[in-house]
Amino acid sequence: MAASGFVDVHAHFVTDRYVAAARAAGVEHPDGMPGWPAWSVEEHLDMMKRSGIDKSYLSISSPGVHFGDDVEARALAREVNEFGARVCTEDPQRFGLFASLPLPDVEGSIVEAAHARDVLGADGVVVETNHQGRYLGDPRFEPLWEELDRRSAVVFVHPTSAPHADALALGRPRPMLEFLFDSARTASDLLLRGVLARRPRIRWILTHGGGVLPLLADRMELFRTRLGGAVDGPSAVEQLGRLWYDMAGTPFPRQVPAFDAAFGTERLLYGSDYCWTPADAVLAQVASIDSAMQPSATATWRDLTTGNARRLFDTGAR
């Protein structure tokens, strides 16, 4: 039996206008990386064909669309979302879209989320792990979570540089280490401020196997039960295990086994991180997945993650 094609929930695009706006704001080396990647539909489709990816859900990566001005951020979000929607309309079998929001502008983000879903037909939205130092449990974001919970929205949470990242990263690109810690930091904020419990219909996707979360979930529970807060209901491990996670990055030989031990694989998805990850690195990652010990005698990692993606998008299962 042929293996399933991957469904890629962690795939990026850039536009000339978006990169120009970022550079105008002084972002020449985003998150400490050497520069901006190139992207085209044709090159993305070629990568998909070579990697055995059936469908890619496109999103704008870090640093997002807000470079200091709310009005400009709203306009840039609308522009990249309309571009992404056109790509999807032209090839809906191969592409989906997670729409960008102009956070930390909450009012503008609610408007854009509604437009993205109701007019553009986006499959979900993308947010960063923090927005100008505000993590996702910040009470100022609550009206947005209320609206997205009402819509049972898919919310793709992409890591970004933490506040004071230049000092933290020791001169190294932030995606190497800091992104993995910032994913855990924002997940802990959603957990400990009660957002996950209050907004159970949001379908959160965290990246890179949850970063360092599999190693820290028990520690979060230890502190949660000793800090004087409410401890009724599901544990930290249970709540975090209800989220969805992609395996972008280096899933084997160590990341996915650690993730499986913490949360199981019922909500594990595939992610390539293209175009920020070059095509040759995506191919190497796919080879590591295909050559790893498979999850069962009758199912591959392709089968498992694709089946999980179908449950996520087709049924809205939680």
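Quick note: structure is the one above.
First, a word on scope: everything that follows refers to the structure included in this document. (Residues numbered from 1 in each chain as written. Predicted model: local features only at pLDDT ≥ 70, side-chain atom pairs only at ≥ 80, totals over all residues. Heavy atoms only, no water.)

In this section: the environment of H29. Mapped onto the fold, H29 is located in the loop between α1 (16-24) and α2 (41-51). For the pair H29 and P173, spaced 144 residues apart in the sequence, the C-alpha separation amounts to 9.3 Å. Beyond its immediate stretch of four places on either side in the chain, H29 contacts P34 and G35. (Helix = DSSP H or I, 4+ residues; strand = E, 2+ residues; numbered from the N terminus. Contact = heavy atoms within 4.5 Å.)

Tallied over the full model, the rule gives zero disulfides. Left without a disulfide partner, C88 is nearest to the cysteine sulfur of C275, which lies 15 Å away. The exposure class assigned to C88 is buried, which follows from its relative accessible area of 11%. (Disulfide = S-S within 2.5 Å. Buried < 20%, exposed > 50% of the residue type's maximum accessible area, 1.4 Å probe, protein only.)

Further remarks concern the packing of aromatic side chains. Applying the stated criterion across every chain yields a total of 17 aromatic pairs. With centroids separated by 4.0 Å and ring planes inclined at 20°, the aromatic side chains of F6 and Y270 adopt a geometry described as stacked. In this pair, F6 sits in strand β1 (residues 6-12) while Y270 sits in the loop between β10 (268-269) and α12 (279-291), placing the two residues 264 residues apart along the sequence. For the pair shown, F6 and Y270 are each scored as buried. Centre to centre, the rings of F259 and F263 are 5.5 Å apart; their planes meet at 70°, and the pair counts as edge-to-face. Of the two residues, F259 and F263 both sit in helix α11 (residues 251-263), four residues apart, roughly one turn of that helix. By relative accessible area, which is 11% here, F263 ends up buried. (Phe/Tyr/Trp six-rings, centres within 6.5 Å; stacked < 30°, edge-to-face > 60°.)

With that out of the way, let us pick up the pattern of salt bridges. Summed over the entire model, instances satisfying the criterion amount to 17 salt bridges. When the shortest N-O distance is used, the salt bridge between E79 and R17 registers 3.6 Å. Residue E79 is located in helix α3 (residues 70-90), and its partner R17 is located in helix α1; the two are separated by 62 residues in the primary sequence. Take E79: its relative accessible area is 34%, and that puts it in the partly exposed class. Residue class for R17 comes out partly exposed when judged on its relative accessible area of 41%. In the salt-bridge network here, residues are joined through shared partners; they are D118, E147, R150 and R151. (Salt bridge = Lys/Arg side-chain N within 4 Å of Asp/Glu carboxyl O.)

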